[in-house]
Amino acid sequence: MPTIDVLDLPQLYTKPSAQSLLDTLALFTSAPRSWDAKRTDIHDGNEGALLGSGPVHVNPEGVARYLTSIVSSSLQWIADDDAREEIWNQASLRLSERSGRTAMGAMSRTFRIPTSDGSFELSIHEPALTGDDLGLKTWAASYLLAKRLQSFDIAHHGNEKPRVLELGSGTGLVGLAMAALGAHVVLTDLPSIAQNLARNAQDNSEVIWRNGGSTRTGILDWNNPTSCQLIREGATNVEEADEALATRFPLILAADSLYSSEHPRMLVGAVKEWLSEDSDARVIVEFPYREAYLPEIKDFRERMAQAGFCILNEGEEKGYDDWGRSGGDEEENEDALVTCWWACWGRPA
Ligand SMILES: C[S@@+](CC[C@H](N)C(=O)[O-])C[C@H]1O[C@@H](n2cnc3c(N)ncnc32)[C@H](O)[C@@H]1O
């Protein structure tokens, strides 16, 4: 791939055309490596502005200065107001992408999920990230698990569609993928996360319905795992409560849900509360091996074993948690690379 330098790009003093600036800004797009290099799209809210990796590599030196110069320029030689707005908008986006996901605004991303005979796409909305709301971002473990689901051969259990509970759904990628594989899924999280979760369920209802699945969204706090309050069907306002959930599930899913010393106890507590007594009931989890939380994974394994579960199948795989902070270079993205552990738990035969 050819490398070009900032100095080779159209300089503002030469009064480049709007199209030339927009084409140049497209070169700086740092596609999120976490989301499948082949085909995962970011839509930034501008109709038709589908951002993809450019065919050239731009030397990162001086790029931030170049982008800032565009944002702060009046662009007065460009007569079209809309074109000027679009150039400022794209330059600002490119700048914020280079500061990592937390600096970026709201966005929707399209994830391609494989099935046994093809694939489908899910559109996942992530609001602008605020403070501690980790569930407003889609994490590597959930994308890896969503892609792995079809390999468990759980989507069609006899004639009955599986009923599935997801704990700590976040933006909902895992549960929505399960539903689009034909399962009836209850996606759950804390109230601050459930609003966006319900929106994502609504946004993907067409593909889920087409594949014979369904979703409900509910509030399930592992601190108080005995209660799960469903949100009224079709509602995206978490205040619109419906009945409380009453039945247990033969399959529970959870991704990236161990990041405090309390979480293993709480998560296993929720599993004990909601997993059905069926002999073939399963719990499928995927967690990143983050240095600081390795004891949590160990604790989770021990507590699951104490609760009478054993690992039926497990493995490791790698994924990316975040954008490259300086423009998508392999090396610069290494800090976002995480190895994740997935495991399918059941009761001993
Ligand atoms: C790191 S995020 C992972 C989200 C999603 N599973 C993913 O992998 O993209 C952890 C999720 O666990 C949820 N969570 C944390 N504590 C919780 C609790 N006490 N009860 C329910 N959910 C909780 C958070 O709100 C968040 O959505």
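Residues numbered from 1 in each chain as written. Predicted model: local features only at pLDDT ≥ 70, side-chain atom pairs only at ≥ 80, totals over all residues. Heavy atoms only, no water.

Observations concerning the overall build of the protein
Each helix and strand in the protein was counted, giving nine helices and 15 strands. Within the protein, the fraction of its 349 residues that count as buried is 49%. Accessible surface computed for the protein: about 16000 Å², of which carbon and sulfur atoms make up 48%. (Helix = DSSP H or I, 4+ residues; strand = E, 2+ residues; numbered from the N terminus. Buried < 20%, exposed > 50% of the residue type's maximum accessible area, 1.4 Å probe, protein only. Areas by Shrake-Rupley, 256 points an atom, 1.4 Å probe, with all protein chains shown as cover.)

A look at helix α4 (residues 140-148)
Across the nine residues of α4, seven count as buried, placing the element largely inside the fold. Where α4 is concerned, the buried positions are Ala140, Ala141, Ser142, Tyr143, Leu144, Leu145 and Ala146.

Brief notes about the packing of aromatic side chains
The final tally for this structure, using the stated rule, is five aromatic pairs. Arranged with centres 5.6 Å apart and planes meeting at 75°, the rings of Phe152 and Trp342 form a pair that is edge-to-face. Here Phe152, found in the loop between α4 and β7 (163-167), pairs with Trp342, found in strand β15 (residues 337-346); they are 190 residues apart in sequence, far enough to count as distant. For Phe152, a relative accessible area of 14% translates into the label buried. When the ring of Phe300 is compared with that of Trp345, the centres are 5.9 Å apart and the planes differ by 90°; the resulting orientation is edge-to-face. Taken together, the positions of Phe300 in helix α9 (residues 294-306) and Trp345 in strand β15 put the pair 45 residues apart, joining distant regions of the chain. By the burial criterion, Phe300 is buried, and Trp345 matches it. In this structure, Lys147 is placed above the aromatic ring of Tyr143, and the distance from its NZ or CZ to the ring centre is 4.2 Å. (Phe/Tyr/Trp six-rings, centres within 6.5 Å; stacked < 30°, edge-to-face > 60°. Lys NZ or Arg CZ within 6 Å of the ring centre and 35° of its normal.)

Here we look at the environment of Ala307
Mapped onto the elements of the fold, Ala307 is located in the loop between α9 and β14 (310-320). Since its relative accessible area comes to 27%, Ala307 is described here as partly exposed. Considering only alpha carbons, one finds Ala307 and Gly269, 38 residues apart in sequence, at a separation of 9.2 Å. Excluding residues within four positions of it along the chain, Ala307 makes contact with Val268 and Lys272. (Contact = heavy atoms within 4.5 Å.)

A look at the nonpolar core
Among the nonpolar cores identified, the biggest contains 38 residues, and Ile113, Leu122 and Met178 are the most heavily contacted of them. Examining the composition of this core, we find that seven residues originate from one element, helix α5 (residues 173-180), more than from any other. Contacts of Leu122, omitting those with residues within four sequence positions, involve Arg109, Thr110, Phe111, Ile113, Leu173, Leu176, Ala177, Ala180, Asn204 and Val207. In terms of nonpolar packing, the next biggest core, distinct from the first, is built from 30 residues, Leu220, Leu258, Phe300 and Trp341 among them. (Core = buried A, V, L, I, M, F, W, Y, C linked by side-chain atoms within 4.5 Å.)

A short note on the site of the ligand
Residues in contact with the ligand amount to 20 residues; listed here are only the nearest, Trp139, Gly168, Asp189, Trp222 and Ala255. For the ligand, an oxygen atom lies 3.3 Å from a polar atom in the side chain of Ser142. One of the backbone nitrogen or oxygen atoms of Ala255 is found 2.9 Å away from a nitrogen atom of the ligand. Of the residues that constitute the shell around the ligand, the class distribution is nine nonpolar, seven polar and four charged. (Near = heavy atom within 4 Å. Polar contact = N/O pair within 3.5 Å; in protein donor to acceptor, adjacent residues only side chain to side chain. Nonpolar A, V, L, I, M, F, W, Y, C, P; charged D, E, K, R; others polar.)

A word on the pairing of strand β12 (residues 251-255)
Counting buried positions along β12 gives five out of five residues, so the element sits mostly inside the fold. Residues Leu251, Leu253 and Ala255 of β12 are buried on one face, and the alternating residues Ile252 and Ala254, pointing to the opposite face, are buried as well. Bridge count between β7 and β12: four bridges; the pairing is parallel. Looking at the pairing, Leu167 lines up with Ala254 of β12. Sheet topology places β12 next to strand β13 (residues 282-288); five bridges connect them, and they run parallel. (Pairing = 2+ DSSP bridges.)

Quick notes on the packing of α4 against α5
It is the contact of α4 with α5, at a shortest axis distance of 8 Å, that shows an interaxial angle of 10°. Looking at the two axes, α4 sits roughly parallel to α5. Crossing of α4 against α5: the hand is right-handed. From α4, Ser142, Tyr143, Leu145 and Ala146 reach across to α5, where they touch Leu173, Val174 and Ala177. (Axes fitted to C-alpha atoms, helices over the stretch in contact; angles between N-to-C directions. Parallel < 35°, antiparallel > 145°, perpendicular 65-115°, else oblique. Left-handed = near helix turned anticlockwise from the far one by under 90°.)

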